[in-house]
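# What the coordinates show
If you want the building blocks of each chain, they are given just below.
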Amino acid sequence: MSGSGDGWLGDGLDDVAGLGSGLWVRGVDYMAGWRVAREATEQLNLALLAAEFEPSELRAVAATDDEGHGVVRLVGLPGAAVRLAGLLDALADGDGGAR
């Protein structure tokens, strides 16, 4: 990737649970959960790019919960979240949708 999206995936290590909350539990493998979440965020971020969302407006971020399970957070501007909701609603209303 190049251009304004350079570094949009970053190393993401600041999103491992515990760094922000200060809660680290001895023996919990936070990195394993974060790696799983990281793989999912890479796929989701590529899909968001394909749907013409800029990383500065909407992106997935890898994290872990208190038990070390991977967590994917969607971070972005409210307008971008509304736009994504509209796209998901349109998919759900189409052929093969959830509705």
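Our subject is the structure that appears above.
The structure contained in this document is the topic of the report that follows. (Residues numbered from 1 in each chain as written. Predicted model: local features only at pLDDT ≥ 70, side-chain atom pairs only at ≥ 80, totals over all residues. Heavy atoms only, no water.)

## Here we look at a nonpolar patch on the surface
What counts is decided by this rule: Patches draw on residues past 30% relative accessible area with no salt bridge. Two like charges within 9 Å are joined, as are two nonpolar side chains (Val, Leu, Ile, Met, Phe, Trp, Tyr) within 5 Å. Surface accessibility in these figures is a Shrake-Rupley result with a 1.4 Å probe; residues are shielded only by whichever protein chains are displayed. Salt bridges are counted wherever a side-chain nitrogen of Lys or Arg sits within 4 Å of a carboxyl oxygen of Asp or Glu. Under the DSSP-based scheme used, a helix requires at least four consecutive residues in state H or I and a strand at least two consecutive residues in state E, with every element numbered from the N terminus.
Taken together, Leu44, Val72 and Leu74 make up a surface patch of nonpolar side chains, about 220 Å² in accessible area. Within the secondary structure, leucine 74 sits in strand S2 (residues 70-76).

## Description of the environment of leucine 58
Heads up, the condition is: Here a residue-residue contact requires only that any non-hydrogen atoms of the pair lie within 4.5 Å.
Here leucine 58 shows up in strand S1 (residues 58-64). For the pair leucine 58 and glycine 76, spaced 18 residues apart in the sequence, the C-alpha separation amounts to 4.1 Å. What leucine 58 contacts, discounting residues up to four positions off in sequence, is Leu48, Phe53, Leu74, Val75, Gly76, Ala80 and Leu84.

## Considering the pattern of salt bridges
Stated formally: Only protein chains enter the area calculation, which uses a 1.4 Å probe; residues under 20% of their type maximum are buried, those over 50% are exposed, and those in between are partly exposed.
Tallied over the entire structure, the rule returns 2 salt bridges. Between glutamate 42 and arginine 38 there is a salt bridge, with its nearest N and O atoms 3.2 Å apart. Here arginine 38 and glutamate 42 lie together in helix H1 (residues 30-50), a separation of 4 residues that amounts to about one turn. In this structure glutamate 42 comes out as partly exposed when scored by relative accessible area, which is 32%. Across the pair glutamate 57 and arginine 83 runs a salt bridge whose closest N-O atoms are separated by 3.5 Å. One end of the pair, glutamate 57, is in the loop between H1 and S1; the other, arginine 83, is in helix H2 (residues 78-93), and 26 residues separate them in sequence. By relative accessible area, arginine 83 is classed as partly exposed at 35%.

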